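Each chain is listed here by its residues.
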Amino acid sequence: MKVSIVVAIYNIEEYLSKCIDSIINQTHRNLEVILVDDGSIDGSGSICDCYQKKDARIRVIHKHNEGLVSARKAGISSASGEYVIALDGDDWIEKNLIEQLVLITEDKDVICTNHYIQYDTNCYLVSNKMLVGTYKCQNIINKALYYGDFYQFGITPYVWTKFVKTAIAREAVEKVDNKVSIGEDVVYLIALLKIAEDIKVTDIVGVHYVQRSSSMLRSSETDEKSRCKALINNIYNILTVKKNDELYKILNMYCKLIYSFRAINIFDNSMNDDFLEVMGGIDKKSNVVIYGAGSLGQAIYKYCSSMCGCNVVGWIDMNFQNLRNIGFPVSDPKEFEYTNPEIDYFIIGCGTRNNMYAIHKFLQSNLVEEKKIKWLTEDFLNDDYDLLSEVKEKILYE
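This structure is a prediction, so every number in the text was calculated from the model and none was measured. (Residues numbered from 1 in each chain as written. Predicted model: local features only at pLDDT ≥ 70, side-chain atom pairs only at ≥ 80, totals over all residues. Heavy atoms only, no water.)

(A) Highlighting unusual backbone geometry. With an omega of -15°, the peptide bond running from Phe150 to Tyr151 counts as cis. Within the secondary structure layout, Tyr151 lies in the loop between α5 (137-145) and β9 (162-165). A positive phi is found at Glu106, a non-glycine position, where the angle reads about 50°. Assignment of secondary structure puts Glu106 in the loop between α4 (97-104) and β6 (110-119). On the accessibility criterion, Glu106 (55% relative accessible area) is exposed. Positive phi values are uncommon outside glycine, yet Leu367 reaches one of about 70°. (Helix = DSSP H or I, 4+ residues; strand = E, 2+ residues; numbered from the N terminus. Buried < 20%, exposed > 50% of the residue type's maximum accessible area, 1.4 Å probe, protein only.)

Listed below in structure tokens is the structure:
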């Protein structure tokens, strides 16, 4: 079986050789490798050209910089393999990944894998929540997109964990708007679920997603709002939803997730003395500690430290060592002084309820008062709060 591997590349010369080497050294040899240089201004384009001269399976596309979605479209649209997988140029794959996938396809439209998040030499496993098995797409779209905990996908949305029949991938990637620059993998997953007939969830692990210092802490709130707007609009236009049906509720919940992670300030009135109303409100003059440095924790840290005027006296996470290595000023929770009377609030910066419960229990075990612990309120998470309607009416079409 011929397999196409599409690699989107933009200014990642430091990581690119490891990515390409991991591809061309696959145990499955019948490959087409399409390197899409999306207008890089570093040495990435030259690295691609050098590899093309060494390996006849490699084809390089040089194009003007138009973003990740455009680069993936350029690669997938020109793929000639029976199946295709799209990777990012700073990630790398296990030597036998493609061989494993080819052996278990059974002519299914989409094959899903697990993946590793890679921090330098350390990595940890991220698995799909749905059980290993083959499913009809039309029967599992709700569970795939929302697994019952704020917020967990039943199937991880990442494009590089999807091994897809090329004809289906071409149709699905064209559903993703070029303007979408966050959550584009979610749009691709939704398009696959709408187009494909069946999807196979496996326990194969092959992709190493390399965690680098995040640009999120540097991006402006205006940028984030426009990105959220483009994402939600794209998803809404693909899904056929009616208000109050289950899929509408899921999209409403996802809307809450993405705005909390990317533009949490939209829920506050800048004229008020309080901020983080979605967590019950906190006085802007407060001393706060943030527990958690994932997407929600990063959003809260950025908001607290640069916009609302409060004093962040601590940012802690059990993964502190790996996070420090990529530039986050995060400390070890085990070495923090939780009973410091000058601390007004402990904000739990994690995006799933189960993790929140664990952190909440840990804080209480360290004698933190209940009234000082903050997370997303039930009023915010309740289905009755229809953020999706507000977004569509007040933001998407402003």
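Next comes the rest of the description.
(B) Region of the structure containing α5. Of all the residues in α5, the buried ones are Cys137, Ile140, Ile141, Ala144 and Leu145. In an axial view of α5, the angular spread of the buried residues amounts to 145°, which keeps them on one side of the axis. Residues of α5 that are buried in the fold lie against β8 (133-136), α7 (184-195), β10 (198-210) and α9 (246-262). (Arc of directions from axis to C-beta. Contact = heavy atoms within 4.5 Å.)

(C) Quick look at the pairing of strand β3 (residues 58-63). Strand direction decides the pairing type here: strand β2 (residues 31-38) and β3, joined by 6 bridges, are parallel. When the bridges of β3 are listed, Asp38 appears paired with Lys63. The parallel pair β2 and β3, bridged by helix α2 (residues 44-54), forms a crossover whose chirality is right-handed. (Pairing = 2+ DSSP bridges. Right-handed = clockwise from strand over helix to strand, strands pointing away.)

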